[in-house]
Amino acid sequence: MSGRDYPTALGASSPATITLLGQDLAQDVMGRVGFGELAFWLATQRRPAAGEVRVFEAVLAALADHGFTPTAIVTRLTYLSAPDSVQGALAAGLLGGGSRFLGVTEDCGRFLHDVLRAHGEPLPADDAGWDALALEAVRARRERRELIPGLGHHVHKDGDPRTARLFEIAAEEGLSGPHLALLAAVGRVHPRVLGRALPLNGAGACGAALADLGLPLELLRAFALLARTAGLIGQLAEELRRPVANDIFLSVDLNNRSVPPEPLADGGPHG
């Protein structure tokens, strides 16, 4: 033994008990605390209020599954290749959580937070003020030729149904904070800059809602991955009942087309 100690407010065990967040796991947590509430509690080390749990779990539900996305397909294909490795199949899907799928939650939360931090206090008091702040932020992103996180969806061209519902739930619980207010303003003003109207997507709204709950920006993508883990388990469960992974594999493998090699130019892909 080194004589050192490693403090943690999370899980600890003795021969007779397991303590989690200062609670007796068996007596105070199991059967008394829902998983969404526990996930929030673990991340913040404070027990959330009922309204916070409702918003947080609405976010988890919104991000759980979206059908045959790349993350779902790769999970099914990995399981086809290695049915002895459920953990590998799940990990493969989670590793695909990036800037196009799932990562938007973090990207949008960070974008909104950066704008709010740069603006400082006092925050706008009405829609006109929020619109002015959002217009400045959208123009700045446009000038740098950067995408505006939270805008656009490849299916829901006329509006993502998750977005309005999440705004509604946050308002019902008194948890509509500055991140959601700024995102709503972005939705109102961006056509003036982009020249077209794009929907506010659910992933971006989830990032704003999580940020308004005071959750760490560094963990926003982690919460999206937590939600998607449930969805990927569902994908695997359905693959067991109605397998499609082999059809996907054969569709590509039996329909490949041979083409001549295309050597890279000198200097590599950007040469």
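As the structure is a computational prediction, the values presented were derived from the model and not from experiment.

Provide a residue-level description of the overall build of the protein chain, including the pertinent values.
Counting its regular elements, the protein chain contains 12 helices and three strands. In terms of overall dimensions, the protein chain has C-alpha extents of about 70 × 55 × 45 Å along its principal axes. The buried share of the protein chain, reckoned over its 271 residues, is 39%. Nonlocal contacts in the protein chain, meaning residues at least 24 apart in sequence, comprise 71% of its contacts between residues at least 6 apart. As displayed, the protein chain offers around 15,700 Å² of accessible surface, 56% of which is attributable to carbon and sulfur atoms. Counting 25 positive and 31 negative side-chain charges, the protein chain places the centres of these two groups 4 Å from one another.

Before we move on, could you go through the packing of helix α3 (residues 50-63) against helix α10 (residues 202-212) and cite the residues and values that matter?
As a packed pair, α3 and α10 sit with axes 10 Å apart at the nearest point and diverge in direction by 155 degrees. On the basis of their axis angle, the class for α3 and α10 is roughly antiparallel. As for how α3 packs across α10, the hand of that crossing is left-handed. Residues V55, F56, V59, A62 and L63 of α3 lie in contact with α10, whose contacting residues are A203, C206, A209 and L210. For the contact of α3 with α10, the class distribution of residues is nine nonpolar, no polar and no charged.

Just give me the short version of the sheet that holds strand β3 (residues 23-24), but keep the residues and values in it.
Sheets are built from strands paired through backbone hydrogen bonds, the pairs being either parallel or antiparallel. With respect to topology, three strands assemble into an open sheet ordered β1-β2-β3, the strand pairing being antiparallel. Where the open sheet ends on each side, the last strands, each with one partner, are β1 (11-13) and β3. Note: strand β2 (residues 18-20) against β3, two bridges, orientation antiparallel. Opposite T19, over in β3, you have D24 as the bridge partner.

Which residues make up the pattern of salt bridges, and what values go with them?
As enumerated under the stated definition, the model contains 17 salt bridges in all. In this structure, R54 engages E172 in a salt bridge whose closest nitrogen and oxygen atoms are separated by 2.8 Å. Taken as a pair, R54 in helix α3 and E172 in helix α8 (residues 161-172) lie far apart in primary sequence, 118 residues in all. The partly exposed category is assigned to R54, whose relative accessible area is 29%. Notably, a salt bridge pairs R188 with D127, separated by 3.7 Å at the nearest N-O pair. With R188 in helix α9 (residues 178-194) and D127 in helix α7 (residues 127-143), the pair connects residues that are 61 residues apart, well separated along the chain. Assessed through its relative accessible area of 38%, R188 is described here as partly exposed. Of the residues examined, D127 reaches a relative accessible area of 49% and is grouped as partly exposed.

Which residues make up helix α4 (residues 70-81), and what values go with them?
In a regular helix each residue adds 1.5 Å, so 12 residues correspond to 16 Å; α4 covers 16 Å between its end C-alpha atoms and thus fits that length. Buried within α4 are the following residues: T71, A72, T75, R76 and Y79. Angular distribution of buried residues about the axis of α4 spans 135 degrees; they occupy a single face of the element. On its buried face, α4 is in contact with α5 (86-95), α11 (220-241) and α12 (245-253).

Could you give me a rundown of the nonpolar core, with the residues and numbers involved?
Among the nonpolar cores identified, the biggest contains 50 residues, and F56, L182, L210 and L215 are the most heavily contacted of them. Only α2 (35-44), α3, α6 (103-119), α7, α8, α9, α10 and α11 provide two or more residues apiece to this core. Once you skip the residues sitting within four places of it in the chain, L215 turns out to touch F40, T44, F56, L210, L220 and F223.

Can you lay out the packing of aromatic side chains for me, pointing to particular residues and giving the numbers?
The final tally for this structure, using the stated rule, is two aromatic pairs. Counting every residue linked through ring pairs, the aromatic cluster contains F40, F56 and F223.

Outline the state of the cysteines, listing residues and values.
Evaluated as defined, the whole model comprises zero disulfides. C206 carries a free sulfur, and the closest cysteine sulfur to it, the one in C108, is 9.7 Å from it. Given the relative accessible area of 0%, C206 is considered buried.

Kindly report on α2, identifying the contributing residues and their values.
All of the buried residues in α2 are G36, E37, L38, A39, F40 and W41. Where α2 is buried, its residues meet β2, β3, α1 (25-29), α3 and α11. Immediately beyond the C-terminal end of α2, within one or two residues, lies Q45, with a positive phi of roughly 60 degrees.

Analysis parameters
Chains are numbered independently. Their residues run from 1 in the order of the written sequence. A pLDDT threshold of at least 70 governs which residues receive local features in this predicted model, and a stricter bar of 80 or more applies before side-chain atom pairs are shown or counted, although totals over entire chains, interfaces and linings include all residues. Side-chain numbers here rest on the full set of heavy atoms in the structure, without hydrogens or water. Elements are defined by DSSP. Helices are runs of H or I of four residues or more, strands are runs of E of two residues or more, and each kind is numbered from the N terminus. Note on exposure labels: buried denotes an accessible area under 20% of the residue type's maximum, exposed denotes more than 50%, and partly exposed covers the range between, all computed with a 1.4 Å probe on protein chains only. Residue contacts are defined here by distance: any two heavy atoms, one from each residue, within 4.5 Å place the two residues in contact. Note that accessible areas follow from Shrake-Rupley with a 1.4 Å probe, and for residues the cover is restricted to the protein chains shown. His residues and chain termini do not enter the charge count, which takes Lys and Arg as positive and Asp and Glu as negative. Where a charge lies is defined by one atom per residue type, namely NZ (Lys), CZ (Arg), CG (Asp) and CD (Glu). Axis definition: a line fitted to C-alpha atoms, limited for helices to the stretch in contact. Angles are taken between N-to-C directions and run from 0 to 180 degrees. To sort the angles, those under 35 degrees are grouped as roughly parallel, those over 145 as roughly antiparallel, those from 65 to 115 as roughly perpendicular, and the leftovers as oblique. In a left-handed crossing the near helix is turned counterclockwise from the far helix by less than a right angle, and in a right-handed crossing that turn is clockwise. The residue classification treats Ala, Val, Leu, Ile, Met, Phe, Trp, Tyr, Cys and Pro as nonpolar and Asp, Glu, Lys and Arg as charged. All others, Gly included, are polar. At least two bridges found by DSSP between two strands is the condition for calling them paired. We count a salt bridge whenever a side-chain nitrogen from Lys or Arg sits within 4 Å of a carboxyl oxygen from Asp or Glu. To estimate how far a helix should extend, the number of its residues minus one is multiplied by 1.5 Å. The directions from the helix axis to the C-beta atoms are what the arc is built from. Put simply, a nonpolar core is a bunch of buried Ala, Val, Leu, Ile, Met, Phe, Trp, Tyr and Cys residues held in one set by side-chain atoms that sit within 4.5 Å of each other. In this analysis, rings of Phe, Tyr and Trp, with Trp reduced to its six-membered ring, are considered paired at centre separations within 6.5 Å, and the interplanar angle assigns stacked below 30 degrees, edge-to-face beyond 60, and tilted for intermediate values. By convention in this document, the label disulfide applies to cysteine sulfur atom pairs within 2.5 Å.

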